[in-house]
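# An overview of the molecular structure
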There are 2 protein chains.
Amino acid sequence: MNYEEIELRREQKFQGKIISVDVETVKLPNGQEATREVVRHNGAVSCLAVQNNKALFVKQWREPAKAISVEIPAGKLDSKVEEPLAAIQRELNEETGYQADNWQKIYEFYTSVGFSDEKMSFYYCDSLQKLTHKRSLDEDEFLSVQWLSLKEAEALIENGDITDLKTIMAINYWKTLQVS
Amino acid sequence: MNYEEIELRREQKFQGKIISVDVETVKLPNGQEATREVVRHNGAVSCLAVQNNKALFVKQWREPAKAISVEIPAGKLDSKVEEPLAAIQRELNEETGYQADNWQKIYEFYTSVGFSDEKMSFYYCDSLQKLTHKRSLDEDEFLSVQWLSLKEAEALIENGDITDLKTIMAINYWKTLQVS
């Protein structure tokens, strides 16, 4: 069976600082035409940073959810060509004030593939060291850092403080490490 | 510490069939103003549907990734008020031709909370039965169904056929069930 959709044309509907939006007209496998709304994004990075059976989490306001959200350290690529490992090392430094000596790339995934091309690289890291000179946050960023055990992180999913998919995935991934 | 951003005004930049986009001007915790690009979405549902140590997956074209993607059954809410359980039961029927007798809500999360308000309810279900009369797919939907064991699903993450975050989360969640 053929599933492929062929892009016939593309019209840009919005160009912002973080995202842009196109409406594509595509040819379906049955020859009919349809439209697809696509949010374009430079891509992103995130990490599970572990030390002494605790991991680093950051707490910040998320305007789309209009709520405070507890998440693993993460950030956007500065450009389509920024190297993801360099980006997550920068973000871990900026957001938490830590650096890690041991990095392992675990997954590369689309966060919401139905309507967005945002692709995220997810890393595991350990051998953490507190930096004496951390990088500054972006000027519109306000967050605080917390160390959580697996049990504490699971409790924050349960009580609704953690509602972020990448963070829930990371906590489940962390749990699979404990038992193997 | 106060993290809250106060929405001062909102301007709609795009209104599509699936998403709309607003630019919000917010007041930051330090009193400064900033803008936030927010993709609005009705919300979505997904499920891990298990029988005899295999789970149901669907294979379809994803235009944002310009690739075929293997994912757990999922879909959009028809409206902001549709009941998520009814929605996932409909989607499981349409996409796979199965119904399930046992449903458990596992998580509710934002798929990409940095720029989108898409909230997804994720279910586990089992006691599956093949329907004699399945609902039709949407007319622009083309997909096929496959049963995968946990090991097979993990192999598809490894080889890049599974690149969808909710599906990677579900596979890790499934793995935590096996061992507890």
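The text that follows walks through the structure, step by step, so that each part is easy to find. Keep in mind that this is a model prediction, so the values were computed, not measured.

### What to know about the sheet that holds strand β1 (residues 6–15) of chain A
All names here are of chain A. The 3 strands lie next to each other as β1-β2-β3, forming an open sheet whose pairing is antiparallel. On the outer flanks of this sheet lie β1 and β3 (33–41), each paired with one strand and no other. Averaged over all pairs of adjacent strands, the angle between their axes in this sheet comes to 25°, without regard to strand direction. In this structure, strand β2 (residues 19–27) lies alongside β3, joined through 9 bridges in antiparallel fashion. Paired with Lys27 across the two strands is Glu33, which belongs to β3.

### Quick notes on the pattern of salt bridges
When charged atoms on two side chains of opposite charge get close, those side chains can pair. In the structure shown here, the tally under the stated rule is 46 salt bridges over all chains. Here A:Arg40 makes a salt bridge to A:Asp22, at a shortest N to O gap of 2.4 Å. Of this pair, A:Arg40 sits in strand β3 while A:Asp22 sits in strand β2, and the two are 18 residues apart along the sequence. Look at A:Arg40 and you get buried, because its relative accessible area is 17%. Salt-bridge contacts for B:Asp78 lead to B:Arg90; the nearest nitrogen and oxygen are separated by 3.5 Å. Of this pair, B:Asp78 sits in the loop between β7 (74–76) and α1 (84–96) while B:Arg90 sits in helix α1; the two residues are 12 residues apart in sequence, bridging distant segments of the chain.

### A look at the environment of A:Leu77
Residues and elements named next belong to chain A. Along the polypeptide, Leu77 turns up in the loop between β7 (74–76) and α1 (84–96). Using a relative accessible area of 11% as the deciding quantity, one classes Leu77 as buried. A sequence separation of 83 residues divides Leu77 from Gly160, and the C-alpha atoms of the two residues are 28 Å apart. The contacts of Leu77, once residues within four sequence positions are left out, are Asn42, Gly43, Ala44, Val45, Glu82, Pro84 and Ala87.

### So, the relation of the copies chain A and chain B
Once chain A has been moved 0.0 Å along the axis and rotated by 180°, it coincides with chain B to within an RMSD of 0.0 Å. This pairing of chains is accounted for by a two-fold axis. Proximity to the rotation axis, assessed at the C-alpha, singles out A:Met169 in chain A; its C-alpha lies 2.2 Å from the axis. The overlap is high: 100% of the interface residues of chain A also sit at the interface in chain B, so the same surface is used on both sides.

Criteria and thresholds
- Residues numbered from 1 in each chain as written.
- Chains lettered and ligands numbered in written order.
- Predicted model: local features only at pLDDT ≥ 70, side-chain atom pairs only at ≥ 80, totals over all residues.
- Heavy atoms only, no water.
- Pairing = 2+ DSSP bridges.
- Helix = DSSP H or I, 4+ residues; strand = E, 2+ residues; numbered from the N terminus.
- Axes fitted to C-alpha atoms, helices over the stretch in contact; angles between N-to-C directions.
- Salt bridge = Lys/Arg side-chain N within 4 Å of Asp/Glu carboxyl O.
- Buried < 20%, exposed > 50% of the residue type's maximum accessible area, 1.4 Å probe, protein only.
- Contact = heavy atoms within 4.5 Å.
- Least-squares fit on C-alpha atoms with pLDDT ≥ 70 in both.

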